[in-house]
Amino acid sequence: MIRRASLVLVGALMGATAMSVLYSAGIPAQAAGTSTYKELSIFGDVFERIRAQYVTPPDEEKLVENAINGMLTSLDPHSVYMNAKDAADMQTQTRGEFGGIGIEVTMEDDLVKVITPIDDTPGAKAGILAGDFISEINGESVRGLKLEEAVDKMRGAVNTPIKLVILRKGADKPIEMSIVREIIPIRAVKSRVEGDVGYLRVISFTEKTYDDLEAAIEKIKKEVPADKLKGFVLDLRLNPGGLLDQAIYVSDAFLERGEVVSTRSRNPEDTRRFNATAGDLTDGKPLIVLVNGGSASASEIVAGALQDLKRATVVGTRSFGKGSVQTIIPMGEKGALRLTTALYYTPSGRSIQGTGIEPDIKVEQPLPEELQGKVRSEGESALKGHIKGQNESEEGSGSIAYVPPEAKDDIQLNYALDLLRGVKTDPSFPADPTKAVVTK
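Residues numbered from 1 in each chain as written. Predicted model: local features only at pLDDT ≥ 70, side-chain atom pairs only at ≥ 80, totals over all residues. Heavy atoms only, no water.

Visitor: Would you explain the pairing of strand S5 (residues 111–117) in this entry?
Guide: The two faces of a sheet get side chains in turn, since along a regular strand they alternate between them. Here strand S4 (residues 103–108) pairs with S5 via six bridges, running antiparallel. Bridge pairing in S5 places Val 105 opposite Val 114. Hairpin connection, S4 to S5: the antiparallel pair is bridged by two residues, and Asp 109 has positive phi, about 55 degrees. (Pairing = 2+ DSSP bridges. Helix = DSSP H or I, 4+ residues; strand = E, 2+ residues; numbered from the N terminus.)

Visitor: Would you take a moment to explain the domain arrangement of the protein for this structure?
Guide: Reports often express the size of an interface as the amount of accessible area lost when the parts come together. In terms of domain boundaries, the protein breaks down into domain 1 (97–185) and domain 2 (189–435). Between domain 1 and domain 2, the C-alpha centre-to-centre distance is 32 Å. (Domains from an automatic or database assignment.)

Visitor: I would appreciate a short explanation of the side chain of Ser 79 in the present structure.
Guide: For Ser 79, the location among the structural elements is in the loop between helix H2 (60–73) and strand S2 (80–82). Note on Ser 79: relative accessible area 4%, which makes it buried. A polar contact is formed between the side chain of Ser 79 and the side chain of Asp 76, at a distance of 2.8 Å. A distance of 3.0 Å separates a polar side-chain atom of Ser 79 from the backbone nitrogen of Thr 340. In contact with Ser 79, not counting residues within four places along its chain, are Leu 72, Thr 73, Arg 338, Leu 339 and Thr 340. (Buried < 20%, exposed > 50% of the residue type's maximum accessible area, 1.4 Å probe, protein only. Polar contact = N/O pair within 3.5 Å; in protein donor to acceptor, adjacent residues only side chain to side chain. Contact = heavy atoms within 4.5 Å.)

Visitor: Where do I start with the packing of helix H7 (residues 244–252) against helix H8 (residues 298–308) in this structure?
Guide: The angle between the axes and the distance between the axes are what describe a pair of packed helices. Taken N-terminus to C-terminus, the directions of H7 and H8 make an angle of 30 degrees; their axes are 9 Å apart at the nearest point. Here H7 lies roughly parallel to H8, going by the angle between them. Of the two elements, H7 crosses H8, and the hand of that crossing is right-handed. Here Leu 244, Ala 247, Val 250 and Ser 251 of H7 come into contact with H8, specifically with Ala 298, Ile 301, Val 302, Ala 305 and Leu 306. For the contact of H7 with H8, a count of residues per class yields eight nonpolar, one polar and no charged. (Axes fitted to C-alpha atoms, helices over the stretch in contact; angles between N-to-C directions. Parallel < 35°, antiparallel > 145°, perpendicular 65-115°, else oblique. Left-handed = near helix turned anticlockwise from the far one by under 90°. Nonpolar A, V, L, I, M, F, W, Y, C, P; charged D, E, K, R; others polar.)

Visitor: So what exactly am I meant to see when it comes to the sheet that holds strand S17 (residues 313–316) here?
Guide: To summarise the sheet geometry, strands pair through backbone hydrogen bonds and adopt either a parallel or an antiparallel arrangement. Overall, mixed pairing links the six strands, which are arranged S11-S12-S13-S16-S17-S20 in an open sheet. Pairing within the sheet leaves two strands with one partner each, and these edge strands are strand S11 (189–194) and strand S20 (361–362). Judged from the six bridges that link them, S11 and strand S12 (residues 197–202) form a sheet pairing that is antiparallel. The residue bridging Arg 192 from the neighbouring strand is Tyr 199, located in S12. In this fold helix H6 (residues 209–223) packs onto S11, S12 and strand S13 (231–235), with an angle of close to 15 degrees to the strand it touches most, S11.

Visitor: What exactly am I supposed to notice about the packing of H6 against H7 here?
Guide: One way to put it is that H6 packs onto H7 with a least axis distance of 9 Å and a crossing angle of 20 degrees. Classified by the angle their axes make, H6 and H7 are roughly parallel. H7 is crossed by H6, and the crossing has right-handed handedness. Contact residues: Thr 209, Tyr 210 and Leu 213 in H6; Gln 246, Tyr 249 and Val 250 in H7. The class makeup of the residues in the contact of H6 with H7 is four nonpolar, two polar and no charged.

Below you can see the structure in the form of structure tokens.
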């Protein structure tokens, strides 16, 4: 496989929806008509009245930002104005690294609970342990903070110190730590060997995803001899998306040829097509892709390409259905504009906007009793103001997005393993690339 340079990028998940992004240094805008400028003068008059006469002095910068976002919200859920901080945060996500101490955390009993410290990071070296609770960050109590607010406080510039107060079971008093932040790489791919099967979980599509995937596949091939390796599971569940070029590279990792995806805007001449190159990193081993309602955007590009080109059998439940492309337009020091400019299409020419990827084999993952009634199906088709897809129906897109923490309880994963080992059979497995039918 030959990786090619590309200017096309797809952004990461923001909140509950994913986005596909084209970065642009600048797109020429057409001049508005006279009547439009008259309407804009009314906006200016209203702004001046608010600024001069509102009962309390308003935040003028916030007024303008909210007005811009109000305009963009009227278009679709994914077009938005990002201020300088939001734009910087998005770039951090797509780079796949940040300044921090290297711990995976959650919120429990109003405290930050450490799930695990990442090996060879400042947190691990300082002695933070899984199960520790963080009660204070730089002298401020974490009680009352949201998880993302606490995480923001722990992240920061490289080589700057952070002070934490740790509560540890068995310790007779709180533990105070001072830790210096370093660059923390975000793991884009997790992998393991499931006996005679290679398991690859792509968490998100950052700048590091393809490299992490390539390394993971090589590691699995070294651990399991080729004659013993039954195949691979590519787990895209709960994957919100990310960079488009990485979605193309990941698809290409399993393909020898064929169109991976195309993007089409309102001008036909702006259609762009992205093709796979020769070189399957898995040597053609059988492949199963897992998806659910949390698989969105870039992950749907991968699932759709491998499904259409008959390289993989897709197992699970219907994906999110995010099939629109956004262009990121820098606004200098003021931030950036994220504007929907196109839809993407799978190799067979289908748009999954509002419909999602329908698996070849539908396998439901039951919710545990404690989550029943608390988790609902989510999808693009349920978003207010979403662009209606050309194939969208009342059935809509999306499904329950839940993956059990323990592999033994993971019905979808175990179904895939049974298929690869021949315990279960299905006409759609194994997929046969020679039977791919691709239309333009």
